[in-house]
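Structure assessment
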Amino acid sequence: MICSGPGGKEEYIMKRKRIIGIMVVTLLLAAMVTGCSKYRSKYFAVGFAHTNTSGTALMSFYKFDGRMVFTLKNKQDGVIEYNGELMKGSLTVYYDCDGSKVELFKLSAGESVNSKLENLPKGEMYIIVDTDGECENGDIEFRVKKK
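Here's a quick rundown of the structure. (Residues numbered from 1 in each chain as written. Predicted model: local features only at pLDDT ≥ 70, side-chain atom pairs only at ≥ 80, totals over all residues. Heavy atoms only, no water.)

Quick look at the pairing of strand β5 (residues 90-96)
Counting buried positions over the 7 residues of β5 gives 7, a clear majority of the element. On β5, burial covers both faces: S90, T92, Y94 and D96 on one face and L91, V93 and Y95 on the other are all buried. Both β5 and strand β6 (residues 102-108) contribute to a ladder of 6 bridges, which runs antiparallel. The residue bridging Y94 from the neighbouring strand is E103, located in β6. Joining the antiparallel neighbours β5 and β6 is a turn of 5 residues, in which G99 adopts a positive phi near 100°. (Buried < 20%, exposed > 50% of the residue type's maximum accessible area, 1.4 Å probe, protein only. Helix = DSSP H or I, 4+ residues; strand = E, 2+ residues; numbered from the N terminus. Pairing = 2+ DSSP bridges.)

Some details on a nonpolar patch on the surface
A cluster of nonpolar side chains, contributed by F44, V46 and Y62, occupies part of the molecular surface with about 290 Å² of accessible area. Relative to the helices and strands, Y62 resides in strand β3 (residues 56-74). Exposure remark for Y62: the relative accessible area of 42% places this residue in the partly exposed category. (Patch = residues over 30% accessible without salt bridge, like charges linked within 9 Å, V, L, I, M, F, W, Y side chains within 5 Å. Areas by Shrake-Rupley, 256 points an atom, 1.4 Å probe, with all protein chains shown as cover. Salt bridge = Lys/Arg side-chain N within 4 Å of Asp/Glu carboxyl O.)

Comments concerning the pattern of salt bridges
With the rule as written, the count across this model stands at 7 salt bridges. In this structure, the salt-bridge partner of D96 is K38, at a minimum N-O distance of 3.1 Å. Placement of the pair is D96 in strand β5 and K38 in the loop between α1 (8-34) and β1 (42-46), with a sequence separation of 58 residues. When the shortest N-O distance is used, the salt bridge between E118 and K116 registers 4.0 Å. Classification of E118 by relative accessible area gives partly exposed; the value is 40%. It is possible to trace a salt-bridge network through shared partners that takes in R67, K101 and D130.

Quick notes on the packing of aromatic side chains
Aromatic ring pairs: the centre-centre distance and the angle between the two ring planes describe each pair. Scanning the model with the defined rule gives 7 aromatic pairs in all. Between Y39 and Y126, the ring centres sit 5.3 Å apart and the planes meet at 70°, which makes this aromatic pair edge-to-face. With Y39 in the loop between α1 and β1 and Y126 in strand β8 (residues 123-131), this residue pair connects regions lying 87 residues apart in the sequence. With respect to class, Y39 is no different from Y126; both count as buried. Note on F61 and F64: the rings are 5.4 Å apart at their centroids and 40° apart in plane angle, and the pair reads as tilted. Looking at F61, the relative accessible area reads 5%, which means it is buried. (Phe/Tyr/Trp six-rings, centres within 6.5 Å; stacked < 30°, edge-to-face > 60°.)

Things to note about the nonpolar core
Of all hydrophobic cores here, the largest spans 27 residues; its most connected members are L91, V93, F105 and F142. For this core, the secondary-structure elements that each account for two or more residues are β3, β4 (78-88), β5, β6, β7 (111-120), β8 and β9 (135-145). It is β3 that provides the largest number of residues to this core, a total of 7 residues. Leave out the neighbours within four places in its chain, and L91 touches F61, L86, F105, K106, L107, V129, D130, T131, D132, C135 and I140. Y39, V69, Y94 and Y126 belong to the second largest nonpolar core, which has 5 residues in total. (Core = buried A, V, L, I, M, F, W, Y, C linked by side-chain atoms within 4.5 Å. Contact = heavy atoms within 4.5 Å.)

Keep in mind that these numbers describe shape and distance, not what the molecule does.
Right, dumping it as structure tokens:
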């Protein structure tokens, strides 16, 4: 620490406070930009492809074990059309558009689903895919539609 000259120690302390303040603001901005999601994806997968836009979400895999989270944006009185199939294993799909996680459907080995969820409120919606152990050869797709 260099404290020579008039106001050396006070100047040093002020610089440190400024640097700490800048670091705190930078961390807060970084947290806001990256977002803090309520749900997190965590999985092991082989031959896995997925995409997520504001209006569509899909995943296709050879092997998948874990959780995949998608975020969609609903329009007022929105409709989510979904379909999926699974050759081996079992999984459960949930949705959350108002702060509570609700089961949407379950898939077990050899099953498929093709349906829709209607009258959704406007805003962000989470789709959560949870497996019960390892699943094989699966495809799941979600699309936001106007009513």
